[in-house]
Amino acid sequence: MELKSAKCLKYAKSANIATDISGLDQYLNGGLQQGKVYELVGRAGSGKTQLCMRLCLNIQLPQNEYGSEAKAIYFDTRKDFDPIRLKELAEELVTRPSVRQTSGLLPTATEMLRNVFYVDCHTAAHLVAGLLNCYKYLAREPNIKLIIVDSISFAIRSLDNILARTELLMELHTVMRKLQMKHNLTFVLTNNLAFRRKRRRRFELEAVLGQKHAQIINKRIWLMKNGCFLGKWSKTKRFICKLST
Amino acid sequence: MANFLEQLPKHLQEIAERVNVLTPEAILTTPRIRFMDTRTCDLDSCVHSCTPEDVRILKEAAAKWLEQTPVSADSLFKIPARLKWSRVTFGCAALDQCTGGGVSIRGITEICGNSGVGKSQVLLQLSLSVQLPATLGGLGKGVAFICTEDAFPSRRLLQISKAFEARYPAEKLNFLGNIFIEHQYESEPLLDCISNRLPQLLQEHSIGLIVIDSVAAIFRLYTDFDKRARDMRRMVHALLSYADKYDCAVVCSNQMTATEETGETRMEDVPCLGLQWANLSRTRMRISKVPKQYKQGDQLLTVRKLEIVYSPETPNAFTEFLITAEGVVNVPKPSRPTAIKRKLI
């Protein structure tokens, strides 16, 4: 491990993945950065799975269009993934005028689909197995730069015992951290909202999975009715932009 | 999984047996600390204690046993995987077009609506249309119908099935013989039925649709919200595991309740059971009555509207339909009044 000065880190450009939410992309200076763990939180139907599928396609765009020409793995615990919808998104992306102009060879929708890998996890055990086997998948396809786990809260909450849940979550984080360090990947997790009892018997909307988990992830992006927020807790989240659709 | 344990080296087998964790799934989900627990035996007798390295090897062996190669999204369009994303038709063209082909096999579909709006009718029609062969949009399998409020409307089912027989005479299906009905009015017996008796039924007969009408009636009676959340989750996980194993669709119907959203002053109708249930269901459709009426024969029928509240595949579309003696049908287009010829004087 070499020591790097903060100055040379400042000028190192890392490839970002565009999220297609313009205000968020502006705030994050291009999109999601490499080597970090992001979490998407939102109510049911707020668009988390759609955004995850969008990210799978955006990462395949060339460098100047805010992509990295890389591949993605999608771990699905909730059977939310739909290949037909992914194909529709890919076809729409390919016909976008900015993409056609800048990229040298035009990728077709089927080629874009071929670069997204899908692992169907029925239970939490399958998800753990999938993450533990990730190093094998990365050895086979070294160009994978994005791993999406949708949704991690569904898998963890399928265990009844709360202690087992926390331990399992921490083990998953260690595995993810090892992969992050070694291959400089981006992780995107999906989480749910629930009402948590605060002081004076009021209920507030918070993300699930607890405090330990919230401190390990890098950034938490909220997709709510009023707009898109960034922040770890309901009280400390900052408003970024309004969501159009 | 005796084969899994036998292929491991001896000391790993002993570790697993000591903690009584035998299947690879259990090994992956048990926390590390349970394997390394030294509280159960005296320090002197812990001759072969378990090291973290051993646990890591054990878990990696279990992960390798359960390994699934990631498939590219492209290959999900080919035939064996594609069947996982098939749909069950509603039997009504307008509803099929709105929902992108019908009810999806993946995940739980929730149909919510006020009382008397026609949810049970749609469920009855679904339980008939799932028995149609795959070429006509069904699955060619039977139905497990769990009723939690009121008696099952068997006479209405007979009426709709006659209409179906008239529509598809060539199939010669015994529609009523493939529907298995169960009445459960309380939560504990229902959970017991779902965990024990339903898998038996799924093994013996080929079932393509599991219906629970309605989920709200069971869980609304709970006072302890934590227990309610736990029981809901347990039920949903059990249902999803069956749906995955036997390739069947799961449909639940829900009721509506009025609530005051924070920040708004008027009362709004939202589906029951709150955020916990909303996070568990994959597709949500809402049926409501529209202040429009349609005259058929000498009866005035109220038009119903089906709206997709959220779904991973389809945009938020809505469509209108009618409930007649034949079941759920499209709203017929109004016939044009004949042009009245005016004489030019």
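Residues numbered from 1 in each chain as written. Chains lettered and ligands numbered in written order. Predicted model: local features only at pLDDT ≥ 70, side-chain atom pairs only at ≥ 80, totals over all residues. Heavy atoms only, no water.

Within an unreviewed UniProt entry, the label attached to chain B reads RecA family profile 1 domain-containing protein, and the organism entered is Drosophila mojavensis. In its Subcellular location (unreviewed entry) section, the UniProt record describing chain B reads: "Nucleus". (UniProt positions renumbered as here; feature names shortened; annotations may be inferred.)

Under the annotation held in an unreviewed UniProt entry, chain A carries the name DNA repair protein RAD51 homolog 3 and is attributed to Drosophila mojavensis.

Caption draft 1: Spotlight on helix H2 (residues 10-18) of chain B. All names here are of chain B. Turning to H2, its buried residues are Leu12, Gln13, Ile15 and Ala16. For H2, the arc enclosing every buried residue in end-on projection is 160°, short of the 170-degree limit, so these residues lie on one face. One or two steps after H2, the chain reaches Asn20, where phi turns positive at roughly 60°. (Buried < 20%, exposed > 50% of the residue type's maximum accessible area, 1.4 Å probe, protein only. Helix = DSSP H or I, 4+ residues; strand = E, 2+ residues; numbered from the N terminus. Arc of directions from axis to C-beta.)

Caption draft 2: Up close: the side chain of Asp25 of chain A. All names here are of chain A. Here Asp25 is to be found in helix H2 (residues 22-27). A residue is classified by how much of its surface remains accessible, and Asp25, at 15% relative accessible area, is buried. The residues touching Asp25, leaving out its near neighbours within four places in the chain, are Ala18, Thr19, Asp20, Gly30 and Gly31. (Contact = heavy atoms within 4.5 Å.)

Caption draft 3: Highlighting the side chain of Glu171 of chain A. Inspection of the secondary structure puts Glu171 of chain A in helix H10 (residues 162-183). For Glu171 of chain A, a relative accessible area of 16% corresponds to the buried category. Only 2.9 Å separates the side chain of Glu171 of chain A from the side chain of Lys59 of chain B, close enough to count as a polar contact. (Polar contact = N/O pair within 3.5 Å; in protein donor to acceptor, adjacent residues only side chain to side chain.)

Caption draft 4: View of the interface of chain A and chain B. Of the residues lining the interface, 51 residues belong to chain A; the matching set on chain B comes to 41 residues. When the two sides are added together, the surface that chain A and chain B hide from each other amounts to roughly 4,300 Å², 57% of it contributed by carbon and sulfur. Scanning the region where chain A abuts chain B turns up five salt bridges. Two residues, Arg282 of chain B and Asp80 of chain A, come together in a salt bridge whose shortest N-O distance is 3.7 Å. At the boundary of chain A with chain B, the tally comes to twelve residue pairs in polar contact (both at pLDDT 80 or more). (Buried area = accessible area lost by both parts, 1.4 Å probe. Salt bridge = Lys/Arg side-chain N within 4 Å of Asp/Glu carboxyl O.)

Caption draft 5: Focus on the pairing of strand E5 (residues 116-120) of chain A. Residues and elements named next belong to chain A. Here E5 lies mainly inside the structure; five of its five residues are buried. Every second residue of E5 is oriented toward a common face, with Val116, Tyr118 and Asp120 on one face and Phe117 and Val119 on the other, all of them buried. The pairing of strand E4 (residues 71-76) with E5 spans five bridges and is classified as parallel. Note that in E5 the partner of Asp76 across the bridge is Asp120. (Pairing = 2+ DSSP bridges.)

Caption draft 6: Broad picture of the pairing of strand E7 (residues 207-213) of chain B. Residue and element names in this part refer to chain B. Of all seven residues in E7, seven are buried, a share of seventy percent or more. Relative to E7, strand E5 (residues 142-147) runs parallel, the two sharing six bridges. Across the sheet, Ala144 pairs through a bridge with Ile210, a residue of E7. Two elements, E7 and strand E8 (residues 249-254), share five bridges in a ladder whose sense is parallel. Counted as the bridge partner of Leu209 is Ala249 from E8.

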